[in-house]
Amino acid sequence: MTNDRIGNIIASLTLEEKASLASGKSFWETQDIPAKGVPSIWLADGPHGLRKEDRLHIRENGGHSVKATCFPTASALACAWSPALARRVGAAIGRECRAHGVAVVLGPGVNIKRSPLCGRNFEYYSEDPLLAGKLAAGFIRGAEGEGVGTSLKHFAVNNQETLRMSVSAEVDERALHELYLRPFEIAVKEGAPSTVMCSYNRINGVYASENRMLLTRILREQWGFDGLVMSDWGAVYRRPAGVAAGLDLEMPSSGGVTDREIVRAVRAGRLDEAALDALSASGSATTAQLTGAENAVKEFAQEQAALAALLRSFSYDAPRAEACCDLGGYFLARGQVGTAVFWYELALTRHADPKTGAFVSPDCSGYIPCIQLCVCYDRLGDRQKAAA
């Protein structure tokens, strides 16, 4: 969606419609206005594995969320000191988000481990701002490279559990910029996340969701961030003040309560409508960018249907070698070489006599999986050389 197109959409919105875009549609969805071409996107936790709620299939899923891979927590991942590994984890989580129609994964978290009593330390990388920032940038590049947005959090100085949602972190300028903001700065400049999530707490007396110095002067003007700024869930205290400070999106939905507060503030002259226009434009641009994930989901569904057809072509007890070769080709074409190796090796075992080694299956010549395995091993060797 071009800037001109976004501008035309904003110009067509009523004041009430603009205000509605300032908060979510539901607990996990952004507000849409279909008649004006504004789509909705789905947001979901989390930084070490997708957590998308699905309360309609609790028995099938074994819980309240869809089945997904649980990766090592950020605290464990940081022990590898490897931005490249963090990028691979981000990419893997990004692919799972695409598969489940999630446009933004709510992570990574880069708050500094100031106290061992902080309840969220497991999902923060490090007590070192450089390491935290570099790992977060890697994770962000991995997920965003799969067409899924990230939300860098919790901005900022949200480092303790006691009174987490209201405490004022009193920090001098040097400590603020060199320690607590540094990982965010590195992640924003090197990773370019689609969104940043503000924290619950106050910084030197001002709530993060109302902190213009933090959300506009530092994040946008100094660091050049051009994405969407959202709140942590329930972190908004005075919504009109948040709009003026640069908070684009309140999550979750307020049920229209804060929308009406914004409308009243604009009509009373306490809030400039231009700030609301900027908010709407930022949200629309980010949403337009990330709705590609929705299209990717449709493509993924088509691929999964093709894969399911292949799986149905043989019994799980005795899969035919030909189908195994087809599955090997499916994964090899998508760069999933390790999985392709599994299926080609299975193809060999399915049509070779275990005693003599002679090929006995009539539906697939033995040299096909052998040749393809050589291709796979060559690619794995090239990857190892590149990594070295």
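Going by the structure above, here's the rest.
Not measured: the values here are computed from a predicted model.

Student: Give a description of the sheet that holds strand β3 (residues 149–155) that names residues and reports values.
Tutor: In any sheet, the strands associate via hydrogen bonds between backbone groups, in a parallel or an antiparallel arrangement. Reading across the sheet, the 5 strands line up as β1-β2-β3-β5-β8 and stay open at both edges, with parallel pairing between neighbours. The sheet terminates laterally at β1 (43–44) and β8 (228–231), the two strands that pair on one side only. Pairing between strand β2 (residues 104–105) and β3: 2 bridges, direction parallel. Paired with Val-104 across the bridge in β3 is Gly-149.

Student: How would you summarise the packing of helix α7 (residues 173–180) against helix α8 (residues 182–191) if you had to cite specific residues and measurements?
Tutor: The interhelical angle for the contact between α7 and α8, taken along N-to-C directions, is 45°, at an axis separation of 5 Å. One element, α7, and the other, α8, form an angle in the oblique class. For the pair formed by α7 and α8, the contact residues are Leu-176, His-177, Glu-178, Leu-179 and Tyr-180 on the first element and Arg-182, Pro-183 and Phe-184 on the second. When the residues that make up the contact of α7 with α8 are grouped by side-chain class, the tally is 5 nonpolar, 1 polar and 2 charged.

Student: Any chance you could break down the layout of surface pockets for me, citing the residues and the numbers?
Tutor: Quantified by volume, the second largest pocket comes out at close to 210 Å³. Lining the second largest pocket are 13 residues, with Arg-220, Gly-246, Ala-275, Ala-278 and Leu-279 sitting closest to its centre. Going through the elements one at a time, α9 (212–222), α10 (239–245) and α12 (273–290) are the ones with two or more residues in the lining of the second largest pocket. When residues of the lining of the second largest pocket are assigned to their parent elements, the largest contribution, 5 residues, is made by α12. Per-class residue counts for the lining of the second largest pocket are 7 nonpolar, 3 polar and 3 charged.

Parameters at a glance
Residues numbered from 1 in each chain as written. Predicted model: local features only at pLDDT ≥ 70, side-chain atom pairs only at ≥ 80, totals over all residues. Heavy atoms only, no water. Pairing = 2+ DSSP bridges. Helix = DSSP H or I, 4+ residues; strand = E, 2+ residues; numbered from the N terminus. Axes fitted to C-alpha atoms, helices over the stretch in contact; angles between N-to-C directions. Parallel < 35°, antiparallel > 145°, perpendicular 65-115°, else oblique. Contact = heavy atoms within 4.5 Å. Nonpolar A, V, L, I, M, F, W, Y, C, P; charged D, E, K, R; others polar. 1 Å grid on protein atoms, 1.4 Å probe; cavity = no way out; pocket = protein on both sides within 12 Å on 5 of 7 lines; lining within 4 Å. Points joined across faces, edges and corners; volume = space filled by probe spheres on them.

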